[in-house]
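# Structure at a glance
Now for the letters of each chain:
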Amino acid sequence: MTKDIATPGRTREILEKYGFSFKKSLGQNFLIDTNILRRIVDFAELSNDTGVIEIGPGIGALTEQLARRAKKVVAFEIDQRLLPILADTLSPYANVRIIHQDVLKADIQRVIDKELPEVSDIMVVANLPYYVTTPIIMKLLEDHLPIRGIVVMLQKEVADRISAQPGTKDYGSLSIAIQYYTEAETVMTVPRTVFMPQPNVDSAVIRLTKREKPAADVVDESFFFQVVRASFSQRRKTILNNLTSQLPNGKQRKETIERVLAELQLDPRRRGETLTLAEFAALSNRLMDVFN
Ligand code: SAM
C-alpha cells in the first residue's frame, strides 16, 4: 500500500513540492490524521459496491482512504491549483474522478448518472469547507439525490444545531430542515490539532441517514419551511406573534391564525423552539388550507 497522504510530514512535503499556500476564503483546513480519517470512512459503512461523492478533496487525504474502500470516488474541487497536486497524489487510485467545479453550481444528479451508473449504493463523505456547510448540505437534500446518506465533518456548533431536539437552545429551522429529510446524529467530535492549518472553531462529524420518506406528511414543502422560518424569526417571541408578523398578510389573518392554533391545541404563547416537527407539519398543512 502507498504511504498515507494524511500525515504531517507527507502533507508538508506535498505542499512544499507544489509551493501551495492555503486559501482561508475557501475553507482550506486539511486533515493530517489517518486515524480520524479511517473513523470517518467507517461511519459511512462503505462496501466495494458503494459510489462516493466527495466535496473538496484538498490534496486527497480523505479521497485516498475512500478510494481504498469504495467502488469509485467522484470528488468536486473548486480550487484549480489543487488539480495537478491531486493528479499526482491520487495516481495510485484508478477509481477516482476529480471534477473541477463549485459543488453549489453542479448538477450532481447528472454527474451521478454519468459517473456512477452501475453502483447500487451512494454516499456523500466530506470534510466540508466551513464557510458553506449549510448551503452544501441543504443542496444535497433538496436536490432529492439517490443517496443513502451523508457523513461530513463540520463546525461543532453547526453539528449541534443540526441534531438538536425541541426545547433546546440549538433547535431551530436548520434542525427541522435536516431532520425532515434525514435521521441526524453527531458521531464524533474532533480536536483542532488534526488539521493543517488549525481552524479557530471545534469540529464534529455528523451522519445523516436519508429517510425513505420525509419525517412528516407535509402538503406543501415550501410553505412548511416558510412557517418554520417565520416561527423562529425572533426566538423570544411567541409563535402567534412571529406568524402574524412574518407570514404573508399575517396581520390581517391574525384571527384565522389564532383559530388554527386553537383547533390544533397549540398554545399561542409557545415559542417556536418548543414545537416538534410533527406539530409544525400539522400547523402548516392547516394554515395552507385556511389561507387558500
Ligand atoms: N478533504 C480535504 C481534507 O480533508 O484534507 C480538504 C478539506 S478542506 C476543509 C475543504 C476543501 O473544499 C478545500 O480543498 C477547498 O478548496 C474545497 N472547496 C471549497 N469550496 C468549495 C466548493 N464550493 N465546491 C467544491 N470544493 C470546495
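Quick caveat, the model's predicted, so the values are computed rather than measured.

### A word on the pairing of strand E3 (residues 72–77)
- Across the six residues that make up E3, a large majority, five, are buried.
- Alignment of strand E2 (residues 50–55) against E3, held across five bridges, turns out to be parallel. Counterpart to Gly51 in the pairing with E3 is Lys72.
- Between E2 and its parallel partner E3, the chain crosses via helix H3 (residues 61–69), and the hand of that crossover is right-handed.
- The sheet contact formed by E3 and strand E4 (residues 96–100) spans five bridges and is parallel. Opposite Val73, over in E4, you have Val96 as the bridge partner.
- Crossover E3 to E4 through helix H4 (residues 82–89) is right-handed.

### Details of the site of the ligand
- As a structural note, the neighbourhood of the ligand is formed by 23 residues, with Leu31, Gly56, Glu77, Asn127 and Tyr131 the closest of them.
- In the environment of the ligand, a nitrogen atom lies 2.8 Å from a nitrogen or oxygen atom belonging to the backbone of Gly56.
- Elements represented by at least two residues in the shell around the ligand include exactly strand E1 (30–31) and E3.
- A per-class count over the shell around the ligand returns 12 nonpolar, seven polar and four charged.

### Describing the sheet that holds E4
- Here we have seven strands laid out as an open sheet, ordered E4-E3-E2-E5-E6-E9-E7, and mixed in their pairing. Bordering the open sheet on either side are E4 and strand E7 (182–190), each of which pairs with just one other strand. Going across the sheet, the axis of each strand differs from the next one's by a mean of 20°, ignoring polarity.

### Remarks on the layout of surface pockets
- There is about 650 Å³ of room inside the largest pocket.
- What lines the largest pocket is a set of 39 residues, and nearest its centre among them are Leu26, Gly27, Gln28, Pro129 and Tyr130.
- Elements with a contribution of two residues or more to the lining of the largest pocket: E1, E2, H3 and E3.
- Residue composition of the lining of the largest pocket, grouped by class: 23 nonpolar, 11 polar and five charged.

### Examining unusual backbone geometry
- Note that the residue after Met196, namely Pro197, is joined by a cis bond; omega there is -15°.
- Its place among the elements puts Pro197 in the loop between strand E8 (195–196) and strand E9 (203–210).
- Positioned with a positive phi, His144 is a non-glycine residue whose angle comes to about 50°.
- Looking at the secondary structure, you find His144 in the loop between helix H6 (133–142) and strand E6 (149–155).
- Judged by relative accessible area, which is 49%, His144 ranks as partly exposed.

Each value, and the rule that gives it
- Residues numbered from 1 in each chain as written.
- Predicted model: local features only at pLDDT ≥ 70, side-chain atom pairs only at ≥ 80, totals over all residues.
- Heavy atoms only, no water.
- Buried < 20%, exposed > 50% of the residue type's maximum accessible area, 1.4 Å probe, protein only.
- Helix = DSSP H or I, 4+ residues; strand = E, 2+ residues; numbered from the N terminus.
- Pairing = 2+ DSSP bridges.
- Right-handed = clockwise from strand over helix to strand, strands pointing away.
- Near = heavy atom within 4 Å.
- Polar contact = N/O pair within 3.5 Å; in protein donor to acceptor, adjacent residues only side chain to side chain.
- Nonpolar A, V, L, I, M, F, W, Y, C, P; charged D, E, K, R; others polar.
- Axes fitted to C-alpha atoms, helices over the stretch in contact; angles between N-to-C directions.
- 1 Å grid on protein atoms, 1.4 Å probe; cavity = no way out; pocket = protein on both sides within 12 Å on 5 of 7 lines; lining within 4 Å.
- Points joined across faces, edges and corners; volume = space filled by probe spheres on them.

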